[in-house]
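# Secondary and tertiary structure notes
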Amino acid sequence: MSAISVTHLGKSFGGVRAVEDLSFTVERGTLTAFLGPNGAGKTTTLRMILGLVAPSEGTATIGGTPYRDLDRPVTTVGAVLEATAFNPGLSARAHLEALRLAAGLDPARVAYVLAQVDLTDAADRRVRGFSLGMRQRLALASALLGDPEILILDEPANGLDPAGIRWLRGFLRACTHEGRTILVSTHVLAEIQQIADHVIIVGAGRLTWQGPLTPETDLEELYMRVTG
Ligand SMILES: Nc1ncnc2c1ncn2[C@@H]1O[C@H](COP(=O)(O)OP(=O)(O)OP(=O)(O)O)[C@@H](O)[C@H]1O
């Protein structure tokens, strides 16, 4: 059973066709890059997988089950979506503690995920004073709280400085070494080329290319060829 299956997925917003007859699978233990130009339908697809947007056609399942029917969603799949909002008056630890309580998770998870994203030293500072990179790391910590097998990340490199991007690469690598499955949308091709096993490219809501990423693949050249 694939970690994620998208089958003939489609979505219209009024007259806008955001996703059109899209099918792909994400296999367990892989890091799959989800690529495509602005407006290609990546965020809409990820939101449909996460049960946040209702498909107009088709299905999206996680381990064979639609997200909304999962018994324990936080322990199955963690997500970081664009523009994650935090209460600026709460500390990173308080934010994670609230999520942990709501999900009924082990108290030890909070310190564990803070360490995983290198936020232990800043744990008791208010999020108001966090840099963009620190906010992204807190969003990743939130996604990891339930120790999910699957991570779905929408442009996690957005706004990160070079050190932050390098940190993110190491973090994603560590997550796959732990056996997690990652589906990540990004525009940073040179970066994702170094760590992805598989690539899905969409254009105007449709699948344009999918396949494994080999050491010989020039991802930028491939991307330009299939989207150009
Ligand atoms: N809630 C909405 N209402 C109307 N149109 C929408 C809505 N959400 C997305 N769209 C439209 O659907 C299309 C796909 O958008 P989507 O955000 O999924 O693309 P994307 O590939 O994630 O783009 P980007 O790389 O810029 O983030 C766009 O034309 C967008 O304007």
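Residues numbered from 1 in each chain as written. Predicted model: local features only at pLDDT ≥ 70, side-chain atom pairs only at ≥ 80, totals over all residues. Heavy atoms only, no water.

Basically, it comes down to this: UniProt positions are given in the numbering used here, feature names are shortened, and annotations may be inferred rather than shown by experiment.
The name an unreviewed UniProt entry gives the chain is ATP-binding cassette domain-containing protein, with Streptosporangium oxazolinicum as the organism. Comment text from UniProt for the chain, heading Sequence similarities (unreviewed entry), reads "Belongs to the ABC transporter superfamily."

### Brief notes about the layout of surface pockets
Heads up, the rule is: Computed over the protein atoms alone on a 1 Å grid, cavities are sets of points where a 1.4 Å probe fits but cannot get out and pockets are open sets with protein on both sides within 12 Å along at least five of seven lines; a residue lines them when it has an atom within 4 Å of a point. Grid points are joined across faces, edges and corners, and a volume is the space filled by probe spheres set on the points. The helix and strand labels rest on DSSP assignments: H or I over at least four residues marks a helix, E over at least two residues marks a strand, and numbering proceeds from the N terminus. Here the term charged refers only to Asp, Glu, Lys and Arg, the term nonpolar to Ala, Val, Leu, Ile, Met, Phe, Trp, Tyr, Cys and Pro, and the term polar to all other amino acids, Gly among them.
If you add up the space inside the largest pocket, you get close to 460 Å³. Lining of the largest pocket is provided by 23 residues; of these, Val74, Gly78, Ala79, Ser142 and Ala143 occupy positions nearest its centre. Where the lining of the largest pocket is concerned, the elements lending two or more residues are α2 (73–76), β5 (77–80), α3 (92–103) and α5 (132–144). Split into classes, the residues belonging to the lining of the largest pocket amount to 18 nonpolar, five polar and no charged.

### Examining the pattern of salt bridges
Defined as follows: Think of a salt bridge as a Lys or Arg side-chain nitrogen and an Asp or Glu carboxyl oxygen that are within 4 Å of each other. Here's how the labels work: a residue is buried when its accessible area is under 20% of the maximum for its type, exposed when over 50%, partly exposed in between, all with a 1.4 Å probe on protein chains only.
Summed over the entire model, instances satisfying the criterion amount to 10 salt bridges. Here Glu149 ties to Arg28 by a salt bridge, and the two come within 2.6 Å at their closest N and O atoms. In this pair, Glu149 sits in the loop between α5 and β6 (150–154) while Arg28 sits in the loop between β2 (16–26) and β3 (31–35), placing the two residues 121 residues apart along the sequence. The partly exposed category is assigned to Arg28, whose relative accessible area is 39%.

### Some details on the site of the ligand
The test is simple: The cutoff for a nearby residue is simple: one of its non-hydrogen atoms must lie within 4 Å of the molecule or strand. Under this definition, polar contacts are N or O atom pairs within 3.5 Å; protein pairs additionally need one hydrogen-donor-capable and one acceptor-capable atom, and for neighbouring residues in sequence, both atoms have to be side-chain atoms. Surface accessibility in these figures is a Shrake-Rupley result with a 1.4 Å probe; residues are shielded only by whichever protein chains are displayed.
As a matter of local geometry, the ligand sits amid 14 residues, with Asn38, Gly39, Lys42, Thr43 and Thr44 nearest to it. Taking His187, its side chain carries an N or O atom lying 2.9 Å from an oxygen atom of the ligand. Coverage of the ligand by the protein amounts to 61% of the 630 Å² it exposes when considered alone. The set of elements that each furnish at least two residues to the shell around the ligand consists of β2 and α1 (42–49). Looking at the shell around the ligand element by element, the count peaks at three residues for α1. Its residues assigned to classes, the shell around the ligand comprises five nonpolar, six polar and three charged.

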